[in-house]
Amino acid sequence: MMNNNTLNATNILIFGATGDLAKRKLFPAFYNLFIDGRMPDNFNIIALGRSDHNDEYFRNYIKVNLEAFSRKNVTAEEWDSFQSHITYFQHQLDDESSYINLNQKLEELDSQFGMRGNRLFYLSIGPNFVATISNHIKKTSLASQADKDRIIIEKPFGYNKQSAIELNQLLSETFEEKQIYRIDHYLGKETVQNILAFRFGNSIFEPLWNHRHIESVQITVAEEVGVETRGGFYEQTGALRDMVQNHLLQVLCMVAMEAPLSLESDEIRDRKVDVLKSIRRIPADKVDYYAVRGQYGEGEINGKKARAYREEEGIAPDSNTETFVAVKFYIDNERWQNVPFYVRTGKKMKEKQSYITIQFKPLPHSTFSDTNPLSANRLIINIQPLMDIRLQFMTKKQGLSMALRPVEMIFDYFACKEDTPEAYETLLQDALEGDLTLFMRSDQVEEAWDVVTTIQEDWANKKAPFPNYDAGSWGPKESFDLVERQGHTWA
Ligand SMILES: NC(=O)C1=CN([C@@H]2O[C@H](COP(=O)(O)OP(=O)(O)OC[C@H]3O[C@@H](n4cnc5c(N)ncnc54)[C@H](OP(=O)(O)O)[C@@H]3O)[C@@H](O)[C@H]2O)C=CC1
Ligand SMILES: O=C1O[C@H](COP(=O)(O)O)[C@@H](O)[C@H](O)[C@H]1O
């Protein structure tokens, strides 16, 4: 198997390796990078978990999950070669001796490399464990080489603005900012990265990309799945922290940011921070006007009965956790004055669909008769599962009269037959290579928390009339009211 010999030998440590994210995304991503020859010549994946497993058991568990979740087929030859890089290590997060043992293990693995390898710590674990792990890494000097060691931290980064500030402070005692990779996997999605190419690699869209021509922007991330086995985590998190503070705001930044001067990571991150700073803060007494929360009751998805959130495993029977959020934001800068940015996300919705709609303003005057109504132009960027860009415009209907109809021009990724990497492949490769562009800087996460602070505080203090939408629907009625009161509709 060919590997990437420009990358240093690396020990990759996955905290939370027995969890949902590791089995569905991280191991498949490493496996696909491996098959593509993008892993370092020498590497180990050290899977950390509390249970007492041996390597053989854990490798088999990973194989079964690769067969279910890997983008590429798992062949006997490739698996044999890949599995030898995986080691399971029983570990207690809050026990210092466990880190001392881990250090010994790493020294053994380093001696096989014949050098001190790079160390990539992946915290695939809830935010409440990050401080404990970081403190132990510091105490036991596990990450003693700033030019070789990196830490990847999953979202949500903290619980709110204050906890994110504290976490940033704490991490800075062990890691320099250039070593910290705060991951938001939406930024690794091909369709999300393409927003930059689409906006700044063409001359025809950017002149229209502002309040003079755009009526509204909508970002929808609808999921069909519920909380699955993650009830315990989700009860503490809810959709605002799980999706809006990170994924949706990051996508909003990609749509709204000014052109970066270069593709330098800090230049791009600066432009995103500008957007976050310009988002108008929602006044504490106006949260109900700008934001809607929901929780699914029972319903039907694809002809199958679906349970209510409160009946899912690990969920309190009177849970006040939101599984749906819709918010109207405004961006107070010259480009976006008075353009509403509507964002919504929910679990157990009618179908899985993530997309951005750029709704252009209607023509100020129509040359055509009243019987020939014009639809305003619309640009739809489908993120997933459809991956395409659609421009809707008016054309003449074929025939003798001058009648018009709306049509779509589509760029479809699948039609290019390009092998599209999964978001985690892109991001893990960037982390191995030391490229921070698609990761969040400390000030980015703090600003993003600031944007949702009044909503968090308001919702924490009020009991919601849950459940308020049926599983298999498009969310609560109030979400439709949010856009309709301004003469808009969810597109
Ligand atoms: N799952 C997903 O689709 C996504 C998840 N994420 C983020 O990734 C992170 C991990 O998520 P996910 O894998 O779903 O989480 P899981 O709930 O599956 O937990 C991950 C691991 O954490 C360990 N763990 C859980 N509770 C404790 C505890 N009390 N003490 C010590 N260890 C514990 C367990 O390992 P063990 O018992 O072996 O020690 C478990 O396997 C989260 O921050 C999440 O937001 C981000 C994007 C998508
Ligand atoms: O971060 C998360 O994202 C997933 C959705 O990711 P996607 O790539 O499938 O769109 C979400 O289900 C999960 O709750 C959240 O933690």
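Parameters at a glance
Think of each chain on its own: its residues are numbered from 1, step by step along the sequence as written. Whichever chain is written first is A, and whichever ligand is written first is 1; the rest continue in order. In view of the model being predicted, local features appear only for residues whose pLDDT reaches at least 70, and side-chain atom pairs are presented and counted only at 80 or more, with totals across whole chains, interfaces and linings using the full set of residues. Hydrogen atoms and water are omitted, and side-chain values are computed over all heavy atoms in the structure. In this text, near means that some heavy atom of the residue lies within 4 Å of the molecule or strand in question. N or O atoms closer than or at 3.5 Å make up a polar contact, with two conditions inside protein: a donor-capable atom paired with an acceptor-capable one, and, for residues adjacent in sequence, both atoms drawn from side chains. Helix and strand assignments follow DSSP, with helices taken as H or I runs no shorter than four residues and strands as E runs no shorter than two, numbered in order from the N terminus. Under the grouping applied here, Gly and all other residues not named as nonpolar or charged are polar, the nonpolar ones being Ala, Val, Leu, Ile, Met, Phe, Trp, Tyr, Cys and Pro and the charged ones Asp, Glu, Lys and Arg. We call a set of buried residues a nonpolar core when its members are Ala, Val, Leu, Ile, Met, Phe, Trp, Tyr or Cys and they connect through side-chain atoms within 4.5 Å of each other. Partly exposed describes any residue whose relative accessible area lies between the buried limit of under 20% and the exposed limit of over 50%, with all areas from a 1.4 Å probe on protein chains only and scaled to the type maximum. The split into domains, and so the bounds of each, comes from an automatic or database assignment of domains. Any two residues whose heavy atoms approach within 4.5 Å at even a single point are treated as in contact. DSSP bridges decide pairing: two strands pair if at least two such bridges lie between them. UniProt positions are given in the numbering used here, feature names are shortened, and annotations may be inferred rather than shown by experiment. Lines fitted to C-alpha atoms define the axes here, with helix axes fitted over just the stretch in contact, and angles between the N-to-C directions of these axes take values from 0 to 180 degrees. Defined here as a combined quantity, buried area equals the accessible surface (1.4 Å probe) lost by two parts on assembly, summed across both. Any Lys or Arg side-chain nitrogen found within 4 Å of a carboxyl oxygen on Asp or Glu counts as a salt bridge. Think of a 1 Å grid over the protein atoms and nothing else: a 1.4 Å probe that fits but is trapped marks a cavity, an open set flanked by protein within 12 Å on at least five of seven lines marks a pocket, and residues with an atom within 4 Å of a point count as lining. Grid points are joined across faces, edges and corners, and a volume is the space filled by probe spheres set on the points. Aromatic pairing here means that ring centres of Phe, Tyr or Trp (its six-membered ring) are within 6.5 Å. Orientation follows from the plane angle: under 30 degrees is stacked, over 60 is edge-to-face, and everything else is tilted. Whether a charge sits over a ring comes down to the Lys NZ or Arg CZ being within 6 Å of the ring centre and within 35 degrees of the ring normal. The hand of a helix crossing depends on one turn: near helix anticlockwise from the far one by less than a right angle means left-handed, and clockwise means right-handed.

Colleague: Just checking my understanding: could you explain the site of ligand 2 for this structure?
Modeller: Taken together, Lys-155, His-185, Tyr-186, Lys-189, Glu-223, Arg-230, Asp-242, Met-243, His-247, Lys-347, Lys-352 and Gln-384 make up the full set of residues near ligand 2. Within the side chain of His-185, an N or O atom sits 2.8 Å from an oxygen atom of ligand 2. Side-chain polar atom of His-247 to an oxygen atom of ligand 2: 2.7 Å apart, as the coordinates give it. Top contributing element to the shell around ligand 2 by residue count: helix α8 (residues 231–256), with three residues. When the residues that make up the shell around ligand 2 are grouped by side-chain class, the tally is two nonpolar, three polar and seven charged.

Colleague: Explain the nonpolar core to me, please; I cannot follow it from the model alone.
Modeller: Burial of nonpolar side chains together is a common tendency in soluble globular proteins. If you look at the biggest cluster of nonpolar residues, it comprises 138 residues, and the most contacted ones within it are Phe-15, Phe-27, Phe-82, Leu-252, Phe-329, Phe-341 and Ile-356. Among the elements that make up this core, the one with the highest residue count is α8 (13 residues). In this structure, this core is formed jointly by two domains, domain 1 (10–154) and domain 2 (187–484), each of which donates at least three residues. Sequence-distant contacts of Phe-341, defined by excluding residues within four places in its chain, comprise Val-217, Leu-252, Val-255, Ala-256, Val-327, Lys-328, Phe-329, Ile-331 and Trp-336.

Colleague: Could you clarify how one ought to interpret the pairing of strand β14 (residues 353–360) in this entry?
Modeller: Looking along a regular strand, one sees the side chains alternate between the two faces of the sheet. Extensive coverage of β14 is indicated by the burial of seven of its eight residues. Pairing of β14 with strand β15 (residues 378–384) involves six bridges; the strand directions are antiparallel. Bridged to Ser-354 within β15 is Gln-384.

Colleague: Hey, could you run me through the UniProt feature "active site" (unreviewed entry) in the protein chain in this one?
Modeller: The sites that UniProt annotates as "active site" (unreviewed entry) are His-247. The topology assignment puts His-247 in helix α8. Looking at His-247, the relative accessible area reads 1%, which means it is buried. Excluding residues that lie within four positions of it along the chain, His-247 makes contacts with Lys-155, Asp-184, His-185, Tyr-186 and Asp-242.

Colleague: Looking at this model, I keep getting lost on the sheet that holds strand β1 (residues 10–15). Mind explaining?
Modeller: Either a parallel or an antiparallel arrangement is found when strands of a sheet pair, and the pairing is made through backbone hydrogen bonds. The strand order across the open sheet formed by six strands is β3-β2-β1-β4-β5-β6, and the pairing between neighbours is parallel. Either end of the sheet is taken by a strand with one partner, and the two such strands are β3 (86–90) and β6 (180–182). Pairwise comparison of adjacent strand axes, ignoring direction, gives a mean angle of 20 degrees for this sheet. Summarising the sheet, strand β2 (residues 43–49) and β3 pair through five bridges and their orientation is parallel. Each residue of the ladder has a partner; that of Ile-46, found in β3, is Thr-87.

Colleague: Which parts of the structure should I look at to understand helix α11 (residues 423–433)?
Modeller: An α-helical turn contains 3.6 residues, so a residue and the one three or four places further along point in the same direction. Among the 11 residues that make up α11, 10 are buried, leaving the element largely enclosed by the rest of the structure. Those residues of α11 that fall on the buried side of the exposure criterion are Ala-423, Tyr-424, Glu-425, Thr-426, Leu-427, Leu-428, Gln-429, Asp-430, Ala-431 and Leu-432. Count one or two residues on from α11 and you reach Gly-434, which has phi positive near 85 degrees.

Colleague: When you look at the domain arrangement of the protein chain in this model, what are you seeing that I'm missing?
Modeller: Size of an interface, as often reported, equals the accessible area lost when the parts are brought together. For the protein chain, the assigned domains read domain 1 (10–154) and domain 2 (187–484). Taking the mean C-alpha position of each, domain 1 and domain 2 sit 32 Å from one another. With 21 residues of domain 1 in contact, the opposing surface of domain 2 contributes 14 residues. By the criterion of area lost to domain 2, the three top residues of domain 1 are Leu-33, Arg-71 and Arg-150, representing 34% of everything that side buries. Counting across the domain 1 and domain 2 interface gives two salt bridges. In this structure, Arg-71 and Glu-425 form a salt bridge, with 2.7 Å as the shortest nitrogen-oxygen distance. Put simply, domain 1 and domain 2 have five residue pairs in polar contact (both at pLDDT 80 or more) between them. Listing elements by their share of the side of domain 1 that touches domain 2, those giving two or more residues are β1, α1 (20–35), β4 (118–123) and β5 (149–153). Ranked by residue count, the leading element in the side of domain 1 that touches domain 2 is α1, at eight residues.

Colleague: In this structure, what is going on with empty space enclosed by the protein? I would like to understand it.
Modeller: What the rule picks out here adds up to one cavity of 30 Å³ or more. Lining the largest cavity are Thr-10, Asn-118, Arg-119, Leu-120, Lys-148, Arg-150, Ala-431 and Leu-432. Counting residues per element, the lining of the largest cavity draws most heavily on β4, which supplies three residues. For the lining of the largest cavity, the class distribution of residues is three nonpolar, two polar and three charged.

Colleague: Quick question: what am I supposed to make of the UniProt feature "binding site: NADP(+)" (unreviewed entry) in the protein chain here?
Modeller: Following the UniProt record, one finds the feature "binding site: NADP(+)" (unreviewed entry) at Gly-16, Ala-17, Thr-18, Gly-19, Asp-20, Leu-21, Ala-22, Lys-23, Arg-50 and Lys-155. Tracing the backbone through its elements, the reader meets Gly-19 in the loop between β1 and α1. Take Leu-21: it is sitting in helix α1. Residues within four places of Leu-21 in sequence aside, it is in contact with Leu-26, Tyr-122, Ser-124, Glu-154 and Tyr-424.

Colleague: In this structure, what is going on with the packing of aromatic side chains? I would like to understand it.
Modeller: By convention here, two paired aromatic rings are described through the distance between centres and the angle between planes. With the rule as written, the count across this model stands at 19 aromatic pairs. Put simply, the rings of Tyr-31, Phe-34, Phe-43, Trp-79 and Phe-82 touch in pairs and so form one group of aromatic residues. One residue, Lys-189, lies across the ring of Tyr-186, its end atom 4.6 Å from the ring centre. Between the NZ or CZ atom of Arg-485 and the centre of the ring of Tyr-289, over which it lies, the distance is 4.1 Å.

Colleague: What am I meant to see in the packing of α1 against α11 here?
Modeller: The packing of two helices is summarised by the inter-axis angle and the distance between the axes. Two numbers describe how α1 lies on α11: the axes approach to 8 Å, and their chain directions differ by 65 degrees. As α1 runs across α11, the sense of the crossing is right-handed. Facing Leu-21, Lys-25, Leu-26, Ala-29, Phe-30, Asn-32 and Leu-33 of α1, the residues of α11 in contact are Tyr-424, Glu-425, Leu-428 and Gln-429. Class assignment of the residues belonging to the contact of α1 with α11 gives a composition of seven nonpolar, two polar and two charged.

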